[in-house]
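Chain and residue survey
Listed here are the chains, written in short residue letters.
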Amino acid sequence: MSTIIKNGTVVTADLTYPADVRIEDGVITEIGPDLSGDKTLDATGCYVMPGGIDPHTHLEMPFMGTYSSDDFESGTRAALSGGTTMVVDFCLPSPGQGLMDALTMWDNKTGKAGCDYSFHMAITWWGEEVWRQMADTVDRGITSFKHFMAYKGALMVDDDEMFSSFQRCAELGALPLVHAENGDVVAQMTQKLLDAGNSGPEAHAYSRPPEVEGEATNRAIMIADMAGVPLYVVHVSCEQSHEAIRRARQKGMRVFGEPLIQHLTLDESEYQNPDWDYAARRVMSPPFRNKAHQDSLWAGLASGSLQVVATDHCAFTTAQKRTGIGNFARIPNGTGGLEDRMPVLWTRGVATGRLTPNEFVAVTSTNIAKILGLYPKKGAVLVGADADLVVWDPARRKTISAATQQSAIDYNVFEGISVEGLPRFVLTRGHVAVSEDALDVRQGHGRFVPREAKNPVNRAFSQWKAITAPRQVERTGIPASGV
Ligand SMILES: NC(=O)NCCC(=O)O
Ligand SMILES: [Zn+2]
Ligand SMILES: [Zn+2]
């Protein structure tokens, strides 16, 4: 049985050309003119692009005394309906819990996944068992390790632990990730604000200004450089953090930066809303910033100093957010975006001329596929690649509304935004999961995608670090010691 995507324009990270695409057994088997097959999807007027990859989601995540409300069923359904065909979620061991044990728990969440997925493993504590099980994790095809520099007393690791883990990543050819905020400063700032009677959601933003993120980003970059390993900085929200990444890259360091669609499009004025629920629904870390920071992030995507747009999808209902009435530090941190990332980025990026369609493909799919060792199975329109594809109709429009979304929560931080550019079809390994407004998401269709360690950037960087490492000076005639 073959499916042909007909009369579309193929758009990849570097090419745009008219072609039909043949799909058989879930993979792309031919790309060319005038193809025919058993079933045809009409792509007239559309772009045929690699499906989106969201490398930063928290589905059914235990956090701040509750669980994020979208699980692998509703989360992957939301992803597919917005053109995202793969998610990378975070496996979070509790302090003292073995990595393999945590992985079993996370595996058990994925039975209803509608699209393919992978995991990053979080390093939430340190010890010989963690050091050992990092190798087992890599053997299981999980080759990226997340470090929280914030959430003191919960997920946070200190510099000593981070340096040890980064060195282990270097040995294994794995990629360390960081949530970069100075957790000690945030903890004290939080207490000071609460003591002064600032208990509302706006104080969440006051407790973690851009400097707090910039300092941590610089520190993580230094630690990665000392360990001789590339670094991926998640949810880069401000110029201070972007500047650190830009500077490191100009010095030849291998640092990647990931802004979120929320930080690109929503700003700090949201926290001034007089409606407590409205402001609390937007509480996330780092918080939304001002327009100057947004301009910096957009410029980073256009110039290549930032490489990936993600969502950090971590959705809590209004009822869950209300745990923090009277104390902003108890508002579960996180916002949604899985369904909206691609349409909002197209509307605010491509439709305004801030990004080209090829850059759109790069930052939503291909770049992260390369960084995480998924390319060209994912992130590509090539013969042999998985048929994870989106047929993108730049003329389709809708107004984002919680009333029509797939996510399980009762609001949407992008509510009321009119988007131009939406999927006509979305295919996950050849299965047509979305045809305009009709969904046919198959629970359990999604598979775990194992990844290879030691990708080309890791190999090149460790080779360079070995060649340029400080060397012992061979001396003759060492004087006899002392007295
Ligand atoms: N970002 C956020 O506020 N919640 C999810 C956890 C994290 O990524 O920090
Ligand atoms: Zn984070
Ligand atoms: Zn996150």
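From a predicted model like this one, the values you see are computed outputs, not experimental measurements.

Quick word on the site of ligand 1
Near ligand 1 you find His58, His179, Met284, Ser285, Asp312, Cys314, Asn333 and Gly334, and these make up its full shell. Partitioned by chemical class, the residues of the shell around ligand 1 number two nonpolar, five polar and one charged.

Structural notes on the UniProt feature "domain: Amidohydrolase-related" (unreviewed entry) in the chain
Mapped onto this numbering, the UniProt entry annotates "domain: Amidohydrolase-related" (unreviewed entry) at residues 47-415. This span, residues 47-415, is 39% helix and 15% strand, and a straight line between its end C-alpha atoms measures 26 Å.

Side note on the environment of Thr364
Inspection of the secondary structure assignment puts Thr364 in helix α14 (residues 357-371). Using a count of 30 C-beta atoms within 10 Å as the deciding quantity, one classes Thr364 as buried. Residues Thr364 and Thr84, spaced 280 residues apart in sequence, show a C-alpha to C-alpha distance of 8.6 Å. Setting aside its immediate chain neighbours within four residues, Thr364 contacts Gly52, Val309, Met342 and Leu345.

Points about the UniProt feature "modified residue: N6-carboxylysine" (unreviewed entry) in the chain
UniProt's feature table lists "modified residue: N6-carboxylysine" (unreviewed entry) at Lys146, given in the numbering used throughout. The topology assignment puts Lys146 in strand β13 (residues 144-148). Residue class for Lys146 comes out buried when judged on the 24 C-beta atoms lying within 10 Å of it. Not counting residues within four places of it along the chain, the set of residues in contact with Lys146 comprises Phe90, His120, Ala122, Ile123 and Leu177.

What about the pairing of strand β19 (residues 431-435)?
Across four bridges, the pairing between strand β18 (residues 418-428) and β19 is antiparallel. Each bridged residue has a counterpart across the sheet, and for Val426 the counterpart in β19 is Val434. Adjacent in sequence and paired antiparallel, β18 and β19 are bridged by two residues, among which Arg429 carries a positive phi angle near 40°. Pairing of β19 with strand β20 (residues 438-439) involves two bridges; the strand directions are antiparallel. Directly across from Ser435, in β20, lies its bridge partner Ala438. Hairpin connection, β19 to β20: the antiparallel pair is bridged by two residues, and Glu436 has positive phi, about 50°.

Definitions and limits used
Counting from 1, residues in each chain are numbered in the order their sequence is written. As they are written, the chains are lettered A onward and the ligands numbered 1 onward, keeping that order. Under the rules for a predicted model, residues below a pLDDT of 70 receive no local features and side-chain atom pairs below 80 are neither given nor counted, while totals for whole chains, interfaces and linings still include all residues. Any residue whose C-beta atom, as set from the backbone, lies within 6 Å of a molecule or strand is reported as near that molecule or strand. Here the term charged refers only to Asp, Glu, Lys and Arg, the term nonpolar to Ala, Val, Leu, Ile, Met, Phe, Trp, Tyr, Cys and Pro, and the term polar to all other amino acids, Gly among them. UniProt positions are given in the numbering used here, feature names are shortened, and annotations may be inferred rather than shown by experiment. Counting from the N terminus, the helices are the DSSP runs of H or I reaching at least four residues and the strands are the DSSP runs of E reaching at least two. Think of it as a crowd count around each C-beta: if 20 or more other C-beta atoms lie within 10 Å the residue is buried, if 12 or fewer it is exposed, and in between it is partly exposed, with C-beta placed from the backbone throughout. Throughout, a residue-residue contact means that the two C-beta atoms, derived from backbone geometry, are no farther apart than 7 Å. Two strands qualify as a pair provided DSSP detects at least 2 bridges between them.

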